[in-house]
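# Summary of the model geometry
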Amino acid sequence: MSDWFDALSKGRNLLISLAGMLLCLVFFGALERALGAGILDLMPSYSMNEVQARFEIYGADGRRLYALASVSLDLLFPISYSCFFIGIIIRLVESNILKWLVVIPMMLASVDLLENIQFCIMLNQFPDLSESQIYLASLTTMIKHQLTLGVYMCIVCLAAFKVFQKLIFKLK
């Protein structure tokens, strides 16, 4: 497994995963324009009324498009960003003790995939949605956003530590 993580930290693989992320983001923008409203993934949380209103705006064709994107485009996105973030973390850590931090982007991608499954189910069941179903999906989205923040904080802290280390060594 360590060899796989090390491979993700190579410049070429970082560029490929970054390109995958950016390409997905472009397509997500196009998806939102086609739907006529923002996607649930980006909302901090949502209620039954908000989901119903969005799904009505999307219309039947938009809901099918969003469901398709949830199991295709939004499958590629977590794979791309988790590979990118794992590669960055491996590049920034010099101690094997800190390599466990790659678990954070792995958890993020797993939660994101769970969220996508929930969206696909809700989009296909609409208008027969339950409060508990919406609550669970919203909770999953909130957890995803917290893990995203955790990944960003981890990378910023590791980068700051690496810069600090280099400055200390220059002063010696």
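Before going into details, it helps to say that this report is about the structure given with it. (Residues numbered from 1 in each chain as written. Predicted model: local features only at pLDDT ≥ 70, side-chain atom pairs only at ≥ 80, totals over all residues. Heavy atoms only, no water.)

### Let's talk about the overall build of the chain
Applied cut-off: Helix and strand labels come from DSSP, where a helix needs a run of H or I of at least four residues and a strand needs a run of E of at least two; each type is numbered from the N terminus. The cut-offs for exposure are 20% and 50% of the maximum accessible area for each residue type, with area from a 1.4 Å probe on protein chains only; residues under the lower value are buried, those over the upper are exposed, and the others partly exposed. Any two residues having at least one pair of non-hydrogen atoms within 4.5 Å are treated as being in contact. The Shrake-Rupley method, run with a 1.4 Å probe sphere, supplies the accessible areas, and residue values consider only the shown protein chains as cover. The convention is simple: Lys and Arg are positive, Asp and Glu are negative, and His and the chain ends are not counted. Charge coordinates come from a single atom per side chain, which is NZ of Lys, CZ of Arg, CG of Asp or CD of Glu.
Across its full length, the chain holds 6 helices and 0 strands. Listing every helix and strand of the chain by position from the N terminus yields α-α-α-α-α-α. Counting over 172 residues, the chain shows a buried share of 44%. Considering only contacts in the chain between residues 6 or more positions apart, those separated by 24 or more positions represent 76%. Entry remark: accessible area of the chain is about 9700 Å², with carbon and sulfur atoms responsible for 70%. Of the charged side chains in the chain, 13 are positive and 13 negative, and the gap between their average positions amounts to 17 Å.

### Things to note about helix α2 (residues 11-35)
The criterion, for reference: Each helix should span, by expectation, one fewer than its residue count multiplied by 1.5 Å.
With 25 residues, α2 extends 36 Å between its outermost C-alpha atoms, agreeing within 8% with the 36 Å of an ideal straight helix rising 1.5 Å per residue. Of the positions making up α2, those classed as buried are Leu 14, Ser 17, Gly 20, Met 21, Cys 24, Phe 28, Gly 29, Leu 31 and Leu 35. Of the surrounding elements, those touching the buried residues of α2 are α1 (2-8), α3 (48-70) and α4 (73-92). Directly after α2, the chain includes Gly 36, whose backbone phi takes a positive value near 85°.

### Structural notes on the packing of aromatic side chains
This is how the line gets drawn: Pairing of aromatic rings covers Phe, Tyr and Trp, the last through its six-membered ring, and needs centres within 6.5 Å; plane angles under 30 degrees mean stacked, over 60 mean edge-to-face, and all others mean tilted.
On inspection of all chains with the given rule, the structure shows 11 aromatic pairs. Seen in terms of ring centroids, Tyr 46 and Phe 119 are 6.2 Å apart; in terms of plane orientation they differ by 50°. Their pairing is tilted. Here Phe 119 lies in helix α5 (residues 103-125) and Tyr 46 lies in the loop between α2 and α3, a separation of 73 residues in the sequence. Judged by its relative accessible area of 5%, Tyr 46 falls in the buried class. In this structure Phe 119 comes out as buried when scored by relative accessible area, which is 0%. On the numbers, 6.0 Å between centres and 45° between planes, the contact of Tyr 66 with Phe 119 is tilted. Remark: Phe 119 occurs in helix α5 and Tyr 66 occurs in helix α3; sequence separation between them is 53 residues. The structure contains a cluster of three or more aromatic residues connected by ring pairs, namely Phe 28, Phe 77, Tyr 81, Phe 84, Phe 85 and Tyr 152.

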